[in-house]
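Below are the chains, spelled out letter by letter.
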Amino acid sequence: MKYRDRKTQTISMPIGGIGTGCIGLSGNGRLVEWEMQNRPNKNSLNGFNHFAIKAEAEGRVLDARVMHSDQLPPYTDPSGNGNGIGRDTMAGFPHFKDAVFDGEYPFAALQFKDKSFPGKVTLHAFNPLIPLNDRDSSIPAAFYEVEIKNTNAFEVDYTVALSVCNPLPKNNLNTPQTAEGLTLLKLGSSKFASDAPEYGDLTIGSDAHISSVQNYWSRSGHVALFWRQFIKPGALVARDYDAYAAEADVPGGDTGAISGCLTLQPGETRRVKFVIAWNFPNHVNFWNPKKCDCAEGCCGDKSEQQMNMWTNWYATQWKDSSETAEYCLSEWDRLRTDTEAYHEALFSSTLPEEVLDAVSANVSLLKSATCIRLTDGSFYGFEGCCQRTGCCEGSCTHVWNYAYALPFLFPKLERSLRELEYTHNLREDGMMSFRIMLPLGRAQWDFHACADGQFGGIIKVYRDWKICGDTEWLRAWWPKVKLSLEWAWSETNEDKWDADKDGVLEGRQHHTLDTELFGANSYLTGFYLAALKAGAEMAEAMGEPESAELYRSLFASGQKYIEEHCFNGEYFHQLVDFTDKSILDRFTDADAKFGSVHDAYWDAETQQIRHQIAEGCHIDQVVAQWHANLCGLGRIFDTDLTKKALQSIYKYNYKRTMRDFYNSWRIYAVNGEAATVICHWPDEETKPYFPLTYAEEAMNGFEYQAGIHMIQEGLIKQGLDVVRAVRDRYDGEKRNPWNEFECGNNYARSMASFALLPTLSGMEFDMVNGHLGFAPVWWEDGKFRCMWSLDSGWGQVEFTSKTASIKLLGGEMKLNSLKLQNKAGSHPQSVSVAGTSVPFQYMQGVLSFPGGVQFKAGESLTVRFAKG
């Protein structure tokens with residue numbers, strides 16, 4: 001996607017590893033939002049960080065510029081102090097007039113344009129993103145290459161300088177490092193002990209053959225003197241200082257610089273590499289710290305900060321930022337090549353542009369400050385992040401239900417989420433807290449269980465088992481999974497979900513819209529039914545046929561009840577008389593936040609129970625079927641009823657314009673933008689005075705779910721309309737394409753968009769039995785090509801009129817059966833792996849391979865179809 005002019009205004013692409021923090025690359029080339037010090041840092045610049053370039057010939061400087069394009073309006077001081085644009089934007093320095101931002105995550109390229117500069121300059125940026133390779137995809141670094149073309153008829157020397165502010169303003173130590181063929185400058189401090197929360201360092205490095213280092217900008221002239229010296233011929237002026245005395249501050253922090261010089265002949269193009277690496281190992285829970293309420297002295301000499309501190313996983317892999325920088329520069333070509341393989345597999349797909357945009361852009365969430373990797377490598381995520389803190393802690397189960405990028409791209413990390421949840425969130429009786437508290441091992445989150453979160457976890461265990469095929473992994477966690485499922489009808493279930501054990505949730509049901517529903521509804525009972533169906537299959541695999549039979553019986557009765565009583569002819573609604581106060585009488589326990597249950601839910605003025613769906617058309621009414629379709633669970637609700645419900649969501653909830661639509665909640669879509677809202681009441685008279693929370697909001701993750709589900713059920717145009725509406729709002733001018741927000745920036749729920757790939761490819765998988773299949777629902781001139789990924793391997797599937805091939809780009813695969821549905825519906829004629837014929841049997845649309853078939857990275861399994 002190319003962004004120009006005002007379409008670059010809001011851009012900040014996160015460049016960093018999974019769980020490491022990141023640096024944003026803005027639409028005009030600034031290095032912004034420095035978020036590597038274990039917390040978000042939105043709208044930050046960290047001093048005068050920048051790339052600059054100069055061109056010299058015959059001993060004189062032809063031109064020199066900061067590698068930014070024009071600052072876009074408004075030109076007012078956002079603080080309101082009337083000082084104009086901030087100095088640290090460097091908008092007052094010579095810079096390029098224009099730039100085109102070419103962004104296809106994880107790669108960005110800024111093509112700078114200015115007639116005054118004698119050459120073509122492009123800044124490339126990325127961080128490795130390699131499916132299944134979570135180590136190299138979790139490097140705490142930003143990778144940059146400056147590409148220069150000499151457009152002159154004579155030889156030109158080009159010098160590129162990277163200046164970075166030391167993020168530790170106390171006792172700065174900017175120290176050059178020695179490494180063979182590399183130029184490194186480590187930015188640290190002499191103040192902090194290795195166990196201090198602030199401890200850490202940052203390194204800038206380059207592989208330039210001709211390079212120079214300026215340990216420090218002048219502490220008196222600062223940026224002005226740097227620029228005056230840079231625009232003169234020759235290398236950077238060497239400068240060094242002792243660290244400041246204790247407690248002394250440097251205004252804005254000490255800045256250091258490194259440069260690389262290239263001599264280019266007329267028409268020649270070359271690149272010089274730079275890296276910014278960081279290592280801030282000590283992560284502290286500053287947002288909700290654990291308090292020491294135990295016996296005096298049990299915490300030893302630990303401060304409260306140290307008691308709430310753990311080591312980032314990346315710091316167990318690389319000892320400091322210099323070692324990371326060396327790794328990046330020495331492994332650069334391999335890391336870039338492997339990342340390009342992912343990029344090519346995704347972006348060479350024959351899928352619509354809005355699909356590739358939605359999928360790729362939201363994978364960037366894994367590289368944002370939303371995500372953490374704990375000391376042992378386990379994955380942890382906030383829901384999103386605010387300006388200076390994470391938003392809604394705890395790998396929130398009901399939000400991360402929607403996030404489908406991690407389980408397919410990095411299944412091991414997704415399984416670590418299940419392991420943390422069932423280790424630290426499960427109460428002895430089976431109740432599941434929906435937020436993991438850090439540091440690990442502290443008391444559980446004290447709130448209601450969350451119905452969609454708890455049952456969604458069971459569905460995700462099933463999905464993760466099918467993706468990895470490791471039944472021993474399932475066996476290790478099955479007792480806890482089973483306990484959490486059966487808590488639905490447990491006598492200790494204070495929310496009385498399925499007290500009469502009939503397969504229908506009718507009690508107090510907390511859910512992802514931060515409130516509770518009462519009475520039967522397809523939305524949350526759907527999660528329960530899908531969990532029961534998944535539980536039955538897992539119980540069979542664990543040798544528990546009686547449990548499996550019980551779960552299937554409850555599924556059948558619950559499904560029958562919901563379809564017969566909760567479908568109003570157009571869509572599924574909620575069975576509740578929200579004017580009946582006595583519904584609340586069953587729940588006499590005190591609510592943790594509001595006091596009594598009646599205080600929490602009953603509105604005396606309107607004589608209604610608050611925040612119910614009732615006759616509303618809810619965006620998530622059949623969300624459980626969406627999950628089931630993706631995980632291979634089969635039908636949760638009748639096909640025709642599901643399709644009618646989705647048609648109603650498109651009819652009532654999808655708004656082609658928000659201009660005349662009433663919304664008193666948060667505004668995520670406005671004016672003439674299209675959007676799909678959370679809940680709509682076709683008959684306004686049936687709408688509660690205090691309706692379902694966030695009812696009129698348009699939230700991206702929910703929209704993706706609904707749109708993708710429409711595609712799954714054959715409503716392809718409608719589904720793509722919904723998806724397109726979201727991405728049209730994130731166009732670079734109105735909103736940042738790489739920051740879909742909901743309750744916070746970089747919001748995890750938006751990774752629902754990744755489900756577009758398995759949906760449009762018709763992917764089915766069961767690695768327990770070695771089965772894989774594709775039945776594309778989107779064709780372009782009779783062809784189809786799409787990326788796919790599972791635990792043991794990833795690659796690309798491609799269909800033509802005569803063949804289908806599964807190309808493996810990483811890992812290895814062993815298949816016992818394969819289902820490939822080409823457009824013509826032809827039967828397979830032959831199968832080969834890496835050009836060698838493979839014996840097969842074909843029955844009822846499925847190829848089976850006696851003894852199995854194996855292939856590895858770089859090889860393809862190809863099926864040739866019979867004519868006609």
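Note: the structure precedes this text.
These remarks concern the structure in this document. (Residues numbered from 1 in each chain as written. Predicted model: local features only at pLDDT ≥ 70, side-chain atom pairs only at ≥ 80, totals over all residues. Heavy atoms only, no water.)

**Quick look at the pairing of strand 2 (residues 12-16)**
Across the five residues of strand 2, five count as buried, placing the element largely inside the fold. Alternating residues of strand 2 divide into Ser12, Pro14 and Gly16 and Met13 and Ile15, and every residue in both groups is buried. Of the pairings in the sheet, the one linking strand 2 to strand 3 (residues 22-26) comprises five bridges and is antiparallel in character. Each bridged residue has a counterpart across the sheet, and for Pro14 the counterpart in strand 3 is Gly24. Hairpin connection between strand 2 and strand 3: a loop of five residues separates the two successive antiparallel strands, and Gly19 in this loop has a positive phi of roughly 75°. (Buried < 20%, exposed > 50% of the residue type's maximum accessible area, 1.4 Å probe, protein only. Helix = DSSP H or I, 4+ residues; strand = E, 2+ residues; numbered from the N terminus. Pairing = 2+ DSSP bridges.)

**Some words on the nonpolar core**
Formed by 235 residues in total, the largest nonpolar core has its most connected members in Ile276 and Leu772. The contacts of Leu772, once residues within four sequence positions are left out, are Met763, Glu764, Phe765, Met767, Leu790, Ile806, Met813, Leu815, Ser817, Leu818 and Lys819. Membership of the second largest hydrophobic core comes to 14 residues, among which are Phe48, Val66, Val223 and Phe230. (Core = buried A, V, L, I, M, F, W, Y, C linked by side-chain atoms within 4.5 Å. Contact = heavy atoms within 4.5 Å.)

**Re the side chain of Asn279**
Structurally, Asn279 can be placed in strand 17 (residues 269-279). According to the relative accessible area criterion, Asn279 is buried, its value standing at 3%. Looking at Asn279, its side chain comes within polar contact range of the main-chain oxygen of Trp318, at 3.0 Å. Dropping the residues within four chain positions of it, Asn279 is found in contact with Gly200, Asp201, Tyr314, Ala315, Trp318, Lys319, Asp320 and Ser321. (Polar contact = N/O pair within 3.5 Å; in protein donor to acceptor, adjacent residues only side chain to side chain.)

**Notes on helix 12 (residues 545-565)**
Owing to its 3.6 residues per turn, the α-helix brings residues three or four apart onto one side. Taking 1.5 Å per residue, 21 residues should reach 30 Å; helix 12 reaches 30 Å between its end C-alpha atoms and fits that length. Within the span of helix 12, buried status applies to Ser547, Ala548, Tyr551, Leu554, Phe555, Gly558, Gln559 and Ile562. Each buried residue of helix 12 lies within a common arc of 135° when the element is viewed along its axis, so the set occupies one face. Exposed and facing more than 90 degrees away from the buried side of helix 12 are Glu546, Glu549, Lys560 and Glu564. Buried-residue contacts for helix 12 involve helix 10 (471-486) and helix 11 (522-541). (Expected span 1.5 Å × (residues − 1). Arc of directions from axis to C-beta.)

**Regarding the sheet that holds strand 3**
Pairing in this open sheet of three strands is antiparallel, and the strands run 2-3-4 from one edge to the other. Only two strands of the sheet have a single partner each, and these edge strands are strand 2 and strand 4 (31-32). Here two bridges tie strand 3 to strand 4, and the two strands are oriented antiparallel to one another. Paired with Leu25 across the two strands is Leu31, which belongs to strand 4.

**Here we look at the state of the cysteines**
Evaluation of the coordinates by the stated rule reveals zero disulfides. Free of any disulfide, Cys165 has its nearest cysteine sulfur in Cys22, 18 Å distant. In this structure Cys396 is not part of a disulfide, and its nearest cysteine sulfur, from Cys450, lies 6.5 Å away. (Disulfide = S-S within 2.5 Å.)

**Some remarks on unusual backbone geometry**
Backbone torsion omega between Tyr105 and Pro106 reads 15°, so that peptide bond is classified as cis. Secondary-structure assignment places Pro106 in the loop between strand 7 (98-104) and strand 8 (107-113). For Ala614, which is not a glycine, the phi torsion comes out positive at approximately 55°.

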